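Structure at a glance
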Amino acid sequence: MYVGAVRDGLIADMGTKNWTTLCVIASFMNEKRECFPTQAQIAKGLGVSRQTANKYIADLLAYRWQGKPVVHALKERDEQGRWENTRYTVLPISQLAIFKSDENKPM
């Protein structure tokens with residue numbers, strides 16, 4: 001987490017529920033900032049039911065910091081037409097990084 005998330009007011013603006021949800025999703029992030037957690041994994045990380053986690057996720061996806069989303073979600077189907085895990089992309093404006101190569105990327 002970059003200190004700008006605190007100093008610039010991002011965490012205060014988004015609130016603890018959105019920040020915690022973002023952090024749980026980001027804990028599954030790969031080097032492309034993509035995350036593929038299941039609803040059950042997100043719920044477990046938040047300590048809530050799957051239904052509550054879905055509400056938290058919807059609220060996070062609707063949230064905007066300085067007019068921009070902090071995370072993007074894409075739901076895709078596999079070759080048989082079944083839904084796959086949602087692919088979340090944690091955007092740089094979120095002030096979160098997990099890999100050393102993210103350290104010098106501008107926010």
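Heads up: these notes are all about the structure in this document. Residue positions are given per chain, counting from 1 as you read along its sequence in written order. With the structure being a predicted model, the display of local features is reserved for residues of pLDDT at least 70 and the display and counting of side-chain atom pairs for 80 or more, all residues being used for whole-chain, interface and lining totals. Note: side-chain values were computed over all heavy atoms of the structure, leaving out hydrogens and water.

**Section: the environment of Pro-37**
A run of H or I in DSSP becomes a helix once it reaches four residues, and a run of E becomes a strand once it reaches two; helices and strands are each numbered from the N terminus. Within the secondary structure layout, Pro-37 lies in the loop between strand S1 (34–35) and helix H3 (39–46). In sequence terms Pro-37 and Thr-16 are 21 residues apart; their C-alpha atoms lie 20 Å from each other. Those residues within four positions of Pro-37 in sequence are excluded, and the remaining contacts are Phe-28, Ile-42, Asn-85, Thr-86 and Tyr-88. The contact criterion used throughout is that any non-hydrogen atoms of two residues lie within 4.5 Å.

**Some points on the sheet that holds strand S3 (residues 87–90)**
The three strands are arranged S1-S3-S2 in an open sheet whose pairing can be described as antiparallel. Single-partner strands in this sheet number two, and they are S1 and strand S2 (71–74). Its contacts with the sheet put helix H2 (residues 10–26) on S1, S2 and S3, and the angle it makes with S3 is roughly 110°. When DSSP finds two or more bridges between two strands, those strands count as paired. With axes taken as lines fitted to C-alpha atoms, and helix axes fitted only over the stretch in contact, angles between N-to-C directions fall between 0 and 180 degrees.

**Considering the nonpolar core**
Of all hydrophobic cores here, the largest spans 24 residues; its most connected members are Leu-10, Met-14, Leu-22, Ile-42, Val-70 and Val-90. Put simply, the parts of the chain that give this core at least two residues each are H2, H3, helix H4 (50–62) and S3. Here the element with the most residues in this core is H2; it accounts for seven residues. If near-sequence neighbours (up to four positions away) are discounted, Met-14 is found in contact with Trp-19, Leu-22, Leu-60, Tyr-63 and Val-70. Residues enter a nonpolar core if they are buried and are Ala, Val, Leu, Ile, Met, Phe, Trp, Tyr or Cys, with the set joined through side-chain atoms within 4.5 Å. Note on classification: 1.4 Å probe, protein chains only; a residue is buried when its accessible area is under 20% of the maximum for its type, exposed when over 50%, partly exposed between these limits.

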